[in-house]
Amino acid sequence: MMGTDDGRPVILYGSHLSTYTTKVRLALRLRGIAFEQRLPEGGYGSPAWRARLPTGTVPALEHEGFFLAESEAILEYLEDVFESHPLRPKDPRERARARWIARLHDTQFEPRLRLLFPLLKEPSRRAALTPLRQDLQDRLDRIAALITPAPWMMGAQFSLADCGFAVSLPLAERILDSLGEPLRWPDALQPWRQAWQEYDALQAALLEWRQAVDHWIAPQT
């Protein structure tokens, strides 16, 4: 549990390894919002969890009797309800742009990264690696062409636009390194990459996720 300016705790349902759960957990920790993390009832995708959330997905959030799923909806709700250390830009145009970048992560980059996951556990599928890596690289290059990190996606401050990429970009790098076809970081994203590496609070917030990733990938390396 962590302190917050209004003292209202939330419950985050998810897993340590889940990209989208980690995105929300990262925002909670960087904002200093009190929360308790729980595994989904009966496990991810279980009948018990589907009885509560028919999609069976994670993350989900519970706050004062209010239940909500989908990471972007959760992050927006947290911005509306909690005042401490906001991650959403105040200017309407900057706020819209942050949502745009966040959507690019969720619709263009992360789904292609997810296609690499089975290759870690099923060597027989490695023939698909090169085209999948090329597709992921193409999406990353296209996203990089739309932004000019300084050093973060929206400028000098870490924002909602960065939350997803702060998890999925280093995960993509780690997976592709372990599979022998490294990710090529676009020049435009090099300042972002350095800022990610040097942001101590961010690294601390990602610690349990990094440990889960190590456990997941290590047997394959």
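Preceding block: the structure.
No experiment lies behind these values; they were computed from the predicted model shown. (Residues numbered from 1 in each chain as written. Predicted model: local features only at pLDDT ≥ 70, side-chain atom pairs only at ≥ 80, totals over all residues. Heavy atoms only, no water.)

1. Quick notes on the pattern of salt bridges
Overall, the coordinates contain 20 salt bridges when judged by the stated rule. Across the pair Glu110 and Arg114 runs a salt bridge whose closest N-O atoms are separated by 2.6 Å. In this pair, Glu110 and Arg114 are both assigned in helix α4 (residues 92-114), four residues apart and thus about one turn of the helix distant. Exposure remark for Arg114: the relative accessible area of 36% places this residue in the partly exposed category. In this structure, Arg112 and Asp135 form a salt bridge, with 3.1 Å as the shortest nitrogen-oxygen distance. In this pair, Arg112 is assigned in helix α4 and Asp135 in helix α6 (residues 129-146), connecting sequence segments 23 residues apart. For Arg112, a relative accessible area of 18% corresponds to the buried category. In this structure, a network of salt bridges that share partners links the residues Glu76, Asp80, Arg88 and Arg99. (Salt bridge = Lys/Arg side-chain N within 4 Å of Asp/Glu carboxyl O. Helix = DSSP H or I, 4+ residues; strand = E, 2+ residues; numbered from the N terminus. Buried < 20%, exposed > 50% of the residue type's maximum accessible area, 1.4 Å probe, protein only.)

2. Some thoughts on the environment of Pro111
You can see Pro111 is positioned in helix α4. Pro111 gets classed as partly exposed once you look at its relative accessible area, which sits at 31%. Residues Pro111 and Lys121 lie ten residues apart in sequence; the distance between their C-alpha atoms is 18 Å. Among residues more than four places away in sequence, those in contact with Pro111 are His105 and Asp106. (Contact = heavy atoms within 4.5 Å.)

3. Things to note about the layout of surface pockets
A probe matching the size of a water molecule, rolled over the atoms, marks out where space remains unfilled. The computed volume of the largest pocket comes to approximately 460 Å³. Lining the largest pocket we find 22 residues, and of these Ser18, Tyr20, Tyr44, Val58 and Arg114 sit closest to its centre. At the level of elements, α1 (19-31), α3 (71-81) and α4 are the ones that each hand at least two residues to the lining of the largest pocket. Sorting elements by how many residues they give to the lining of the largest pocket places α4 first, with three residues. Of the residues in the lining of the largest pocket, the class split is ten nonpolar, seven polar and five charged. Of the pockets and cavities examined, the second largest pocket occupies roughly 220 Å³. Surrounding the second largest pocket, Leu30, His85, Pro86, Leu87, Pro89, Met154, Ala156, Gln157, Phe158, Ser159 and Tyr199 form its lining. A breakdown of the residues in the lining of the second largest pocket according to their chemical character gives eight nonpolar, three polar and no charged. (1 Å grid on protein atoms, 1.4 Å probe; cavity = no way out; pocket = protein on both sides within 12 Å on 5 of 7 lines; lining within 4 Å. Points joined across faces, edges and corners; volume = space filled by probe spheres on them. Nonpolar A, V, L, I, M, F, W, Y, C, P; charged D, E, K, R; others polar.)

4. Brief notes about the pairing of strand β2 (residues 35-38)
For a regular strand, side-chain orientation follows a simple rule: the groups alternate between the two sheet faces. Direction of pairing for strand β1 (residues 10-13) relative to β2: parallel, over a ladder of four bridges. Bridge assignment links Tyr13 to a residue of β2, and that residue is Arg38. Between the parallel pair β1 and β2, the chain is carried across by α1, and the sense of this crossover is right-handed. (Pairing = 2+ DSSP bridges. Right-handed = clockwise from strand over helix to strand, strands pointing away.)

5. Focus: the side chain of Lys23
Following the sequence through the fold, Lys23 ends up in helix α1. Residue Lys23 is classed as buried on the basis of its relative accessible area of 1%. Once residues lying within four places of it in the same chain are set aside, the contact partners of Lys23 are Ser71, Glu72, Leu75, Asp106, Cys163, Gly164 and Val167.

6. Some remarks on unusual backbone geometry
For the peptide bond that leads from Val58 to Pro59, omega is 5°, which places it in the cis range. Here Pro59 shows up in the loop between α2 (47-52) and β3 (60-63). The residue after Ala150, namely Pro151, is reached through a cis peptide bond having omega -10°. Tracing the backbone shows Pro151 in the loop between α6 and α7 (160-163). Notably, Glu64 is not glycine yet its phi reads approximately 50°, a positive angle. Relative to the helices and strands, Glu64 is located in the loop between β3 and β4 (66-69). Unusually for a residue other than glycine, Glu70 sits at a positive phi of about 80°. Summarising the element assignment, Glu70 is placed in the loop between β4 and α3.

7. Considerations on the packing of helix α8 (residues 165-179) against helix α11 (residues 207-217)
Close contact between α8 and α11 brings their axes to 12 Å; oriented N to C, the two are set at 20°. Put simply, α8 runs roughly parallel to α11. In this structure, α8 crosses over α11, and the sense of that crossing is right-handed. Where α8 approaches α11, its residues Val167, Pro170, Leu171, Arg174, Ile175 and Ser178 are matched on the opposing element by Trp209, Val213, Asp214, Trp216 and Ile217. Looking at side-chain class alone, the contact of α8 with α11 contains eight nonpolar, one polar and two charged residues. (Axes fitted to C-alpha atoms, helices over the stretch in contact; angles between N-to-C directions. Parallel < 35°, antiparallel > 145°, perpendicular 65-115°, else oblique. Left-handed = near helix turned anticlockwise from the far one by under 90°.)

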